[in-house]
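In case you want the letters, here they are:
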Amino acid sequence: MESFFLHNAHLLLEHPEIAKTLEKVAIHKSFKKGELIHPANSICKHFYLLFKGIARVFYFRDGKDITVHIAQEQESITAIDSFIQRRKSKYNIEALEDIECLAISRVDLEKLSEQSHQFEHFGRLFLEKIYCDLAERIDSLLLHTSQERYEELLQRQPDLFKRVPAKHIASFLGMTPETFSRIRAK
C-alpha cells in the first residue's frame, strides 16, 4: 500500500510530492461486499481511493435504487455533495466487492491546503476532474441514446459488465433493466 499514491492514482502520478504528503494522512480501510462505506443522511467526511474492489454511489427515489457513480481500482469515490458542503447527503456508498482503500479526511485536506500552495493547486485540479467527469455524465445522459451509452461504457470499462450486477449498470446508464437486457442481447 505504501506506494499506492505514487504508482496507481492517475492525477497523483503527475504530483509525487503530493502523493507522499497524502500517504502520511491516509488511513487504510477495508469494507466487505454489501457493506455501506457511507450511509445516506450523514455527513461524508472522507474521500476514498480504491486499490481493490468496486463501489457505487446511489440513492433511493420512489422506492427505486438509483446508481449515480461506480468506481473501481485506481479511482476515488465519495458523496461529493456532502464532502464539499459538509451537509448530510442523500447518497449512500456501497461496496459491490470487498474493498481495500485509503480514506482521506476533509479536515486533513484543509490542513494540507493551508500549509502548501502546491497542495491547494492539487485540490483544485482534483475538483476540476470531478467537475469534468460530471459534465461528461450529464452530456451522456442528455445527448446519447441508451444504445450509445451502453456501447461507450462497454468500450471504456468492459470489466464492469463482469463485476457489477446488471441492475446497477442499467440504473447508472439511465435505463430500465428491460432496456438494458434488450441492448445487451444484441
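Each value, and the rule that gives it
Residues numbered from 1 in each chain as written. Predicted model: local features only at pLDDT ≥ 70, side-chain atom pairs only at ≥ 80, totals over all residues. Heavy atoms only, no water. Helix = DSSP H or I, 4+ residues; strand = E, 2+ residues; numbered from the N terminus. Rg over C-alpha atoms; globule rule 2.2 N^0.38 Å. Buried < 20%, exposed > 50% of the residue type's maximum accessible area, 1.4 Å probe, protein only. Areas by Shrake-Rupley, 256 points an atom, 1.4 Å probe, with all protein chains shown as cover. Lys, Arg positive; Asp, Glu negative; His and termini not counted. Charge placed at Lys NZ, Arg CZ, Asp CG, Glu CD. Core = buried A, V, L, I, M, F, W, Y, C linked by side-chain atoms within 4.5 Å. Contact = heavy atoms within 4.5 Å.

Tell me about the overall build of the chain, residues and numbers included.
Within the chain one finds nine helices and eight strands. Taking 2.2 N^0.38 as the reference for a compact globule, 186 residues should give roughly 16 Å; the C-alpha atoms of the chain span a radius of gyration of 17 Å, in line with that estimate. Along the three orthogonal principal directions, the C-alpha set of the chain runs to about 55 × 35 × 30 Å. The proportion of buried residues among the 186 residues of the chain is 39%. On the chain, roughly 10,700 Å² of surface is accessible, and the fraction owed to carbon and sulfur atoms is 54%. The distance from the centre of the 27 positive side-chain charges to the centre of the 27 negative ones in the chain is 5 Å.

Describe the nonpolar core, naming the residues involved and giving the relevant values.
In terms of nonpolar packing, the biggest core is built from 18 residues, with Ile37, Ile77 and Ile99 touching the most fellow members. Residue assignment for this core shows that the elements contributing at least two residues are strand S3 (46-52), strand S4 (55-61), strand S5 (64-71), strand S7 (92-95) and strand S8 (99-105). Excluding anything up to four places from it in sequence, Ile99 contacts Lys29, Ser30, Phe31, Ile37, Leu50, Lys52, Gly53, Ile54 and Ala55. With 15 residues, the next largest nonpolar core counts Tyr150, Val164, Leu173 and Met175 among its residues.

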